[in-house]
Every structure is written in C-alpha cells, then in structure tokens.
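Here is what each chain is made of, one letter per residue.
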Amino acid sequence: MLKQVKISFVNIDLRTPVQRLPINWLNFKNYYTKNGLYNNHVTWCEPILNYEGWQYEDILDYYDKHDSDIYAFSSYLWSHKVIMAIAEELKKRNPKRIIVLGGPHLNITHNKLDWFFENKFVDAICEPTSYGEWFITDMLNQYVVGNIDWKKVAFSIYRTGRGYVPNKIDFEFPGPIIPGNEEILYKCKDLSLELNIPLALPIELTRGCPYECVFCEWGGGIGGKVVRKKMEDIKADLDYIPQFGIEQIQILDANYGIYDEDVEVSLYIEEIKKNFNLPTHVEIYGMTKSKQEKRWKTIEPLARCNVIQRYKLSLQTLNNEVLKNIKRTDIARDKDFEFAQYLFDNYSVRSDFEFMMGLPGYKRQDFYDEIDIQYQYGYSLERYIWLFLPDSPAYSPDYIKEFGIKTIKTCIGKSRMNSYIFDDIKTFGDYHVSADPRFLSDVEFVVEAEGFDRKDYTEFFFMNFWILENPELFNMVREVLEHNNNLIKSSVIFKKVYEKIINSTSNLYALAMKDLNEQMYHFILGERQEITDFKQFNLPFTDTSADVYYIHKACMFIFENEYLDFFINVLKELNLQIPENMVSNFKNKIEESFL
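The rules behind the values
Residues numbered from 1 in each chain as written. Predicted model: local features only at pLDDT ≥ 70, side-chain atom pairs only at ≥ 80, totals over all residues. Heavy atoms only, no water. Disulfide = S-S within 2.5 Å. Buried < 20%, exposed > 50% of the residue type's maximum accessible area, 1.4 Å probe, protein only. pLDDT = per-residue confidence, 0-100. Contact = heavy atoms within 4.5 Å. Pairing = 2+ DSSP bridges. Helix = DSSP H or I, 4+ residues; strand = E, 2+ residues; numbered from the N terminus. Phe/Tyr/Trp six-rings, centres within 6.5 Å; stacked < 30°, edge-to-face > 60°. Lys NZ or Arg CZ within 6 Å of the ring centre and 35° of its normal. Salt bridge = Lys/Arg side-chain N within 4 Å of Asp/Glu carboxyl O. Axes fitted to C-alpha atoms, helices over the stretch in contact; angles between N-to-C directions.

1. Topic: the state of the cysteines
Using the criterion set out here, one finds zero disulfides in the structure. In this structure Cys126 is not part of a disulfide, and its nearest cysteine sulfur, from Cys216, lies 17 Å away. The class for Cys126 is buried, based on a relative accessible area of 6%. In this structure Cys188 is a free cysteine whose sulfur lies 17 Å from that of Cys45, the closest cysteine sulfur available. Assessed through its relative accessible area of 0%, Cys188 is described here as buried.

2. Notes on the confidence of the model for the protein
A residue-level look at the protein finds 95% of positions with pLDDT of 70 or above and a mean pLDDT of 90. For the stretch residues 414–425, pLDDT sits under 50, and the model shows 28 contacts to residues farther than four places along the chain or on other chains.

3. Section: the sheet that holds strand β2 (residues 19–20)
Spatial strand order, β2-β9-β12-β13: four strands in an open sheet with parallel pairing. Each edge of the sheet is formed by a strand with only one pairing partner; in this case those strands are β2 and β13 (281–284). Both strand β12 (residues 248–251) and β13 contribute to a ladder of four bridges, which runs parallel. Pairing of Gln250 across the sheet is with Glu283, part of β13.

4. Side note on the packing of aromatic side chains
In this structure the tally under the stated criterion is 48 aromatic pairs. Seen from their ring centres, Tyr76 and Trp78 are 4.9 Å apart, and the 10° between their planes marks the pair as stacked. The exposure classification of Tyr76 matches that of Trp78, with both residues buried. The rings of Tyr362, Phe367, Tyr368, Phe445, Phe452, Tyr457, Phe460, Phe461, Phe465, Phe523 and Phe537 are connected pair by pair, giving a single aromatic cluster. Lying over the aromatic face of Phe173, Lys229 brings its terminal NZ or CZ to 5.2 Å of the ring centre. A cation over a ring is seen here: Arg383 above Phe367, with NZ or CZ 3.9 Å from the ring centre.

5. Quick notes on the pattern of salt bridges
Counted by the stated rule, this structure contains 35 salt bridges. Residue Arg304 pairs with Glu270 through a salt bridge whose shortest N-O separation is 2.7 Å. A residue pair is termed long-range when its members are at least 10 positions apart, and Arg304 in helix α10 (residues 292–304) and Glu270 in helix α9 (residues 260–276) qualify at 34 residues. A residue is classified by how much of its surface remains accessible, and Glu270, at 16% relative accessible area, is buried. Salt bridges linked by common partners bring Asp61, Asp64, Asp67, Glu89, Lys92, Arg93 and Arg97 together as one network.

6. Topic: the sheet that holds strand β14 (residues 310–316)
Ordered in space as β14-β15-β16, the three strands form an open sheet in which the pairing is parallel. Looking at strand neighbours, the two that pair on one side only are β14 and β16 (380–385), the edges of this open sheet. Mean inter-strand twist for the sheet, computed between neighbouring axes without regard to direction, equals 25°. Pairing of β14 with strand β15 (residues 350–357), which is carried by six bridges, proceeds in the parallel orientation. Note on β15: the bridge partner recorded for Tyr311 is Ser351. Docked against the sheet, helix α12 (residues 334–347) engages β14 and β15, running at close to 160° with respect to β14. Sheet strands in contact with helix α13 (residues 364–377) are β15 and β16, and its direction is about 155° off that of β16.

Given below as structure tokens:
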C-alpha cells in the first residue's frame, strides 16, 4: 500500500536585505514533480520564506507543526550550527522522523569516520556539493512504498556505507522554477513590500565548475563538466520580472560567461530592462575565469542597461607559484585591465580586484605587490580571508601537511552580511537566528602556511583593513606620487605606515592603531578564549567591542590632527614633497567622511 508522505525542507539563507525566492526548495519540488514516481503521494510543506525576526524557538515550532515524515536540511558555513540544533531537536521530539542533510558544509569528505557517532540524530547525508534532486527523488520513491535502502539512494552517505554515484553530466534541469509555483512568488512579493526590501530572483543557468581550485566547495562540484539549463526555461523565469516587479536577479553560476548562451541571457535581461525598467540590479556570483572575450560580451549588455555597478576581477593572487599550489587556472590579465577601464569610462562601472590572503606560498611582498597593482590601475581592492572549508580539497590531511597549514576559528555572522555603514543597526535591527550567540558558526581560516607565519599574517590582516577603511587615502597617495614623478611605489608608503605604527611611542593615533594591531596578533595566535567575529575588536584603550570600520572611523575622528600628522610625517620621511593644497584637500576629505 502506498503511503502519503510529507517532507519539509529547512534552509537559512545568508542574511541580506532582499527577499529571495526559495530556490533550493523549488528545485527539489519541481524535479520530483516531473521525475518522481509518486508525485501525488508527496506533500511539500512550505518553508519559512524570510527568517528576519524569527526566534529559534519559533522556527523549531513552525517545522515541528508540519509533523513531516522527512526533514531535509541544507548546511552552509553561516548556518551549520543552528541547522544541526534544529535537526537534533526535531528528531528528539519524534524519533520516527527521518533527518537528512545536504549542502556544502558538513565536514565529512575527508575520512571523518566518527561523524555519525557525533550526530546520531542524522539518518543520512547527501554527499557535499552533489545533486540533491537525485538524492531526494530516490529517497521519496522508496519511502512511499516502504522503507529506505540508503545504498540505493544517489550520493547518500549513511552509518554503514554509501549509495551509488551517478554521472552528474546526465542531470537535466526539470524546467523553469516559477511556473506552477506562483503562489510562493506572491508570498515573497508580499514580504518584500511589507519589509520594504527588493524582491530577488536567484537563478541557475548552469551547475558545477570545470576548474579545481583547492579552496572551493562549489555547489554541484568542481573539476567536472558543467550542466546547462535550456534557454527557453531560463527565459520563462525571467519573463516574470515585469509581471511581479522583481527588482534583482542573482545569477548563481560559478562561471557566468563560459557559454555563448550566457551572452544571450544578458541581452535578454537588457531587453527586459529597456521595456520595463526592471530589474534594477544583477548580482553575479562567479564569472568565467579563462574565456575573456565571452566574459566581456556577457558583461557589457548588463553594464549598458545599468544593472551592474561592479566588475569583479577574481585574481586570488599575483604569484604564479601560489596559483600552481591552489590549482587555479588563470590567464594574463592585461586585456582584462583594459576592459575594466573601458567599462568605467563608458558606463561608470567600478572594477574590483579580489584577492585571498594567506594562500600557500603567499609572501609579504605579494601583499604589497597587490597594492601597487591597485594604484597602477586605480581600482578598488577587496581581500578575503581564506576560509578553510571542511569539504574542500585543501582540507585533506596530505595537503595540510604539504603546505604547513595552520588555522584558527572565527564566526561568520555579521562580518559576512553587513555593509559596515553606520545605519547597519537599522538595516539589520531585528533578531536573526544566524547571529544568535548560541548558534554562531565556527569556521576555520588560515593564518599560517608555506611562505608566511602568524606575525606576517597579522601585518596582512591589519594593513588590509587599514587601507580598506581609509578610502580618503587613495586619491591622496596617487596625487602625492604623481607630484613626485612616481619616484617610489605606493607599497613603499604602506610598508612605512606599518613600520611606524608598530614602533610608535607618542602619536596618539598611531598608538591607537598599535593597540589594534596587538589585539589582532593575539587573535591570530589563537589566544582569544571565545570564538568571535573576525572583524570585532575592542576600541583601543577600552573594553568596548566594535567592528573595524567603526574603530577606524572613531580613531580618525577623535585623533584627527594626530592622524593627519602621522600620515604626512610618513610621506616626509620618504622624502616626498607634499604641496599645502594637497594637505588641505586631504583634511577636507577626512572631515567630509564624518558627515
């Protein structure tokens, strides 16, 4: 006799001020509706569509009231703690419930033999970065007719073994995600209006990544062939943009621009924007790494219709030996730099360099070479800490040993979500479960490896924030260098800045920065007793915790004259000529930043 089965899916998105459609839930539901054997016997319980303001206990009660037979969870680096807590409690309330986990952050890939002993409430896992649609379809097909034999469930990992592993290239997207699910779209639209935030359409055009960067655990897997969605299905979802007032698109691909069809998608978005003045913004999660001409053709229509404000150049590092160590496929970037300038000149699209600090083989000079590139081309620079993801290739014991990798733990809460402007408390004023002290994520990041030690890393860490949080410096440094016929590189100035800070004895601003640097060193040594946000430190000379943005702004404000004297003295010690009008303009810019 066939059973009626209820399934609940729990996913807590990264906290951002937009209302997203629940793409994972829609993907699983649509796939089973099209390919499952017993669609009429399966009820897909509606997930929470926006977690803002939902207390942990309310979330738990909401899903408990579903009283589902199966609870499926997606685990990410920002949510894994609370996901495991919810899953365990739901199982405790009813031991007959089946608990399954998926997502990229499970820490089971590298021979974690005791995982199921530590997490006895979990019945099975979908192998990290594999296709949950196949896993869920096999599981539901079996459960409707009887019990589940996990070895016959695609990509399953369970207490005593593993399921079969199909070839991912055979996967076919089930079609567009919205048709047939308009009711959910209406509810998301209502929430966006109620919360006064944009409605966002997350969309997959492809799945997987052909590259093998060791730091990555991209959904769909790395180092394999990419599966593409049909163009008519992509356009069918995009056609809902004007109908429902969808303001933002999030393209979730690892390599947007890798296919000729991606150009067609960008042109289609441009046509919609031309006719309906929507969408207002397109966020691209990942651009193709090696196909420059296709990337440029894909980006320009979006720049032309003013739906992108940034062009990301994901370089990771300038050091070729480091690129080799991380198995990063890359190409010469000179033409990319030219194209970035073209985008700025013609469409005012800002270009950002993206680097990762602390990759194996990274050296102190690499850090400062990155600054020289920034000043040479005039682009913004964004550095990321290397989050050491437990299901990435780099997490293997052999790789760790080969490159002498050492890590400490931090939590990924506010740091990954907020813009660090002073109105953040208004933007994210409500409770959010991912920021609950009980469930703050504990994620490793690399602080020592071949090429650098923890003292070196402290310099990278401190100077990265010092440059990032002092944007007024950018034009000042460029003007001074040009006035002095570029006799020295910009990196020489910033090396001198750090030297002066760590050896300071009198200037109050420099002493405040020295205090902050020493706090960062203790953090990087792993001497903090509690796991804290990697951007949270004490205001110098106090016990009051604040984020680095606020610390830098506060110190510039309180010690304004000392800040100005400190930096001018750095320039003078390097025998650079500084006209009075440059000093006055710099002072005005600093004061304007306080307004």
